Amino acid sequence: MFSKILIANRGEIAVRIIKTCRRMGIKTVVVYSEADADSMAVEMADEAVFIGGAPASESYLVQDKIVDAVRQTRAEAVHPGFGFLSENASFARRLAAEGIVFIGPNPHAIEAMGDKIESKKFAAKANVSVVPGHVGEIDDTAHAVKISEEIGYPVMIKASAGGGGKGIRVAWNRKDVEEGFPAVRAEAKASFGDDRIFIEKFIESPRHIEIQVLGDKHGNVVHLFERECSIQRRNQKVIEEAPSPLLDEKTRKAMGDQAVALAKAVQYDSAGTVEFVAGQDKSFFFLEMNTRLQVEHPVTEMITGVDLVEQMIRSAYGEKLPFAQKDLKINGWAMESRIYAEDPYRGFLPSIGRLVRYSPPPEGDTPYGFVRNDAGVREGDEISMFYDPMISKLSTWGKTRDAAIDAMGRALEDFHIEGLGQNIPFLAAVMDQKRFRSGKLSTNYIKDEFPDGFQGLPPTDGQRDLMEAVAIYMQSLLALRLRPGEQPREDWTVVAGVHKRHVKAMLTPDGLLVQNGGPDVKLTRVGWRPGQAQFRGALNGQDFTCVVKPAAEGFIIRHRATTLHVLVLTPRSAELHQKLPPKKAADTSKMVLSPMPGLVVSIDVAAGQAVRTGEVVAVLEAMKMQNILRAERDGTVKAVSVKAGDSVAADEVLVEFA
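Presented here is an overview of the structure given in this document.

Criteria and thresholds
Residues numbered from 1 in each chain as written. Predicted model: local features only at pLDDT ≥ 70, side-chain atom pairs only at ≥ 80, totals over all residues. Heavy atoms only, no water. Helix = DSSP H or I, 4+ residues; strand = E, 2+ residues; numbered from the N terminus. Buried < 20%, exposed > 50% of the residue type's maximum accessible area, 1.4 Å probe, protein only. Phe/Tyr/Trp six-rings, centres within 6.5 Å; stacked < 30°, edge-to-face > 60°. Lys NZ or Arg CZ within 6 Å of the ring centre and 35° of its normal. Salt bridge = Lys/Arg side-chain N within 4 Å of Asp/Glu carboxyl O. Right-handed = clockwise from strand over helix to strand, strands pointing away. Pairing = 2+ DSSP bridges.

Our focus in this paragraph is the side chain of Ser 270. In this structure, Ser 270 sits in the loop between α9 (249-265) and β13 (271-278). According to the relative accessible area criterion, Ser 270 is buried, its value standing at 1%.

See below:
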């Protein structure tokens, strides 16, 4: 077996590979950029080599620097993780020429299936049905428009070397192509060092189902069943699960057999994923193949018990697969939620900054299910604008799908992050939705269920009881600290959002008893003290965790996807509070504000210029994604506050109208 492996990647996947290597007794080397000098991966690896500036084009995408690091450390093999150089056939060949083992598929397989254009051609020759589209390279925007109109709208513009939701746009008309094609090309160049683009028909309301395959260098290939990845936003997977609630055994076998046949045809000899578009009627056809480890591989590992990273290493070393297809079985159900640095309340725009607080749920067997959290960050780390916005991947396992979903809901409650926007409330909302629990999914799910964006969910009656009890307990405890020995007040008026009611609340030896006109509410097993950001307890015997923080008045309390401002007042204070005038919001109607922290790519207007509604005002880049800002009304530009190349903060004024 290898004695030392270099990991040509960063973040959580680098940490993930290190963990398996430690278990196998293999030493590890990580390469790192300026932005990752103090990263968790650098801390965990046996050795670390600096390879350049923060942009991937100056570090993780530079083959010479990776090879130099291998020579310097005398590593025997390179694991590319996912993204960056993981699907680059020239890199695999370069390593082979240097006598270094590439822990991934052979270059022929990468070229045949990893390249999105070549994979379409190969699949067509192999009589595999593919999504209708143009599988040749596209010269320029005019050529892209011509092809799109021949295929028929809507179309999907995709980077040939793309992956992870990067370098992809849906175009519904000519204007979308004219704007989307150059943006996709720019993202592809920045993310993958390859700006080739192809266009295919966009199929509405499909399901995204993929088959995990695993091969060795002796001609053996198996599949490890499917993952459903239909919950996507902007073509970026958000929630994945294994197995799929759509498939029956017949369809599962048919998809698995086709994936294995395709892999064998290219002599596939590592971990890879064959992706399919599936209809609600269980029809399916080939979409593409990712010739690398997938981000969502943990759910497959949890239902099969197979460590895919270990098998990749063993296959690269020349070992045979230790199992045949008949040996693999599905055990239970696994769910994965991607925790992203983004603000769901602001259109899911990227949110960069420092993890002031980072407290993931306990891992392993818990009272609510098995929990796994794949992360490459710690409290105090910074989420950089130069890389993907993923903070961690939270996975849960249960004997049934409902059990896995219930476990995910509770694990999300226990996950606490402060310092930047994150999508935990949104993920919790999906877990609580009847449609999601029913398994009636599609790639349009988020757009269908949240057509106006995400603003949280209204409280259920149970959540209102919970938040009131938590607020009363905190208020009572703080009052006792200020006036020790004084008899706690029992009569309160609680204002929770727009609701107000009078309650009687009594502290008990194990918590609080609240009488609000309905059944008594009992708060027990309380785990909180002043200053803590999470409040743990049980409401009527049901365990919960919520996020709490003091406001100018009362408390801000969030439970799952619901956030309320709760005031606990004396009856007289409640009367006076009603007389206070509401605070007026600042008027920003004549300003274009930066919706996120990022880098200004271009400013497309100038002072004195007349602008029409919908015209492009500026383009911002964050997390390798370009975002187009448009004028929301007709007007004349009064002032431009920034220029191309400037870094801007969220809510910073970019352009002001007269």
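The next point concerns the packing of aromatic side chains. Applying the stated criterion across every chain yields a total of 18 aromatic pairs. Taken together, the ring pairs in this structure connect Tyr 345, Phe 348, Phe 426, Phe 450 and Phe 454 into an aromatic cluster. Lying over the aromatic face of Phe 436, Arg 401 brings its terminal NZ or CZ to 4.9 Å of the ring centre. Over the ring of Trp 492 we find Arg 489; its NZ or CZ atom is 5.7 Å from the centre of that ring.

What the rule picks out here adds up to 63 salt bridges. Of the charged contacts, one joins Lys 253 and Asp 257 as a salt bridge, the two residues approaching to 2.7 Å between their closest N and O atoms. Here Lys 253 and its partner Asp 257 are both found in helix α9, four residues apart, which amounts to about one turn of the helix. Residue Asp 257 is classed as partly exposed on the basis of its relative accessible area, which comes to 37%. In this structure, Arg 354 and Glu 382 form a salt bridge, with 3.1 Å as the shortest nitrogen-oxygen distance. In this pair, Arg 354 is assigned in strand β18 (residues 353-354) and Glu 382 in strand β22 (residues 382-383), connecting sequence segments 28 residues apart. Here the salt bridges do not stand alone but share partners, grouping Arg 16, Arg 23, Glu 301, Asp 307, Glu 310, Arg 314, Glu 319, Arg 372 and Asp 374 into one network.

For strand β2 (residues 27-33), a buried count of six out of seven residues is recorded, marking the element as mostly surrounded by other parts of the structure. Handedness of the crossover is the feature at issue here: the chain leaves strand β1 (residues 4-7), passes through helix α1 (residues 11-24), returns alongside β2, and the resulting connection is right-handed. Sheet topology places β2 next to strand β3 (residues 47-52); five bridges connect them, and they run parallel. Bridge assignment links Ser 33 to a residue of β3, and that residue is Gly 52.

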